[in-house]
Amino acid sequence: TRRPAANSVIRPDFKFEDLGIGGLDKEFSDIFRRAFASRIFPPGLAEKIGIQHVRGILLYGPPGTGKTLIARQIGKMLNAREPKVINGPEVLNKYVGQSEENIRKLFADAEKEQKEKGDESGLHIIIFDELDAVCKQRGSGAGGGTGVGDSVVNQLLSKLDGVDQLNNILLIGMTNRKDMIDEALLRSGRLEVHMEISLPDEAGRQQILKIHTTKMRENGKMASDVDLAELARSTRNFSGAEISGLVRSATSFALQRHIKGGTVAALKDDVAEMQIHMEDFLGALEEVHPLFGVSEEDLG
Ligand code: ATP
């Protein structure tokens, strides 16, 4: 089977609405333009006219706001392989003493394919979650003092600087603490596109509520008294992940009301009858609270 090329063409069936990302249209299109647009040329053409691809981007902002979601969805859109995901604290703990080897392996498949296929080689996305964890110790010698963080960062730097080998790789770093990221990693040619993904505003929250209730609405499980606009107003400071938690909590209240139980057959009937009402969401609002930070709405 033919693999998609590094300069993949966007899937013809692509629609932004289908990506299931709420409230991040602007961020999505900016990231796409800055980090991915150069990759939609047919293989060889970008190289021929001297277009260089961005090799790394940094997505930063509070937890649960959709950073991983965006990275995965853009990958899908470009027919890239399933991203490889690694996590900073895991690298530090699990791979003490073999972190360099671990990073080397992460890049190995892409490098091999680039060698074999050149321009035709597919796009490999590497997501480095909680990147700040490996940066904390760099140069300090303190804080655990294993120096593992140092060697991970150095290894990443040397990979990112290996221009020729890296044409088919995009490294996506993620963090809640941009201030902790080693500046050397953020320079141009490395993780050079920086994009903040912040908490959703009211319109964004309404979109996210819609996304996470799509199936219920399509299957008639959501009662007509549920007012998503009202819920969007009541969920200030909620992240996307917390909104999906709110929907889960509301669902649990609805289930509790409907399940009289007994036999499995009876349970099936109960669930078939089940509908989620506004009261379930109000119950959920008592139970699920935003954990992180202050939104722009609160600041001004
Ligand atoms: P972390 O910093 O904790 O890794 P993250 O920003 O990468 O968080 P995701 O893993 O992308 O957050 O989000 C977790 C889940 O929350 C997603 O799988 C999705 O279900 C929901 N979610 C978060 N943001 C959005 C959004 N903007 N639109 C729709 N769903 C969202």
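Residues numbered from 1 in each chain as written. Predicted model: local features only at pLDDT ≥ 70, side-chain atom pairs only at ≥ 80, totals over all residues. Heavy atoms only, no water.

**Topic: the packing of aromatic side chains**
Here's step 1: Under the defined criterion, the tally for this structure stands at one aromatic pair.
Here's step 2: Taken together, a centroid distance of 6.3 Å and an interplanar angle of 15° make the contact between F32 and F36 stacked. With F32 and F36 both in helix α1 (residues 25-36) and four residues apart, this pair spans about one turn of that helix.
Here's step 3: Overall, F32 belongs to the buried group, its relative accessible area being 14%.
Here's step 4: Overall, F36 belongs to the buried group, its relative accessible area being 1%. (Phe/Tyr/Trp six-rings, centres within 6.5 Å; stacked < 30°, edge-to-face > 60°. Helix = DSSP H or I, 4+ residues; strand = E, 2+ residues; numbered from the N terminus. Buried < 20%, exposed > 50% of the residue type's maximum accessible area, 1.4 Å probe, protein only.)

**Describing α1**
Here's step 1: Under the 1.5 Å per step criterion, the end-to-end length of α1 is 15 Å for twelve residues, consistent within 8% with the ideal 16 Å.
Here's step 2: Residues of α1 that are buried: E27, F28, D30, I31, F32, A35 and F36.
Here's step 3: Buried residues in α1 make contact with β1 (56-60), α3 (67-77), β3 (124-129), β4 (169-175) and β5 (191-196). (Expected span 1.5 Å × (residues − 1). Contact = heavy atoms within 4.5 Å.)

**Details of the confidence of the model for the protein**
Here's step 1: Per-residue confidence for the protein gives a mean pLDDT of 83, with 85% of residues at or over 70.
Here's step 2: Mean pLDDT per element in the protein: helix α15 (residues 296-299) is the minimum at 56, and helix α11 (residues 228-234) is the maximum at 98.
Here's step 3: Predicted complex metrics record ipTM = 0.97 and pTM = 0.85. (pLDDT = per-residue confidence, 0-100.)

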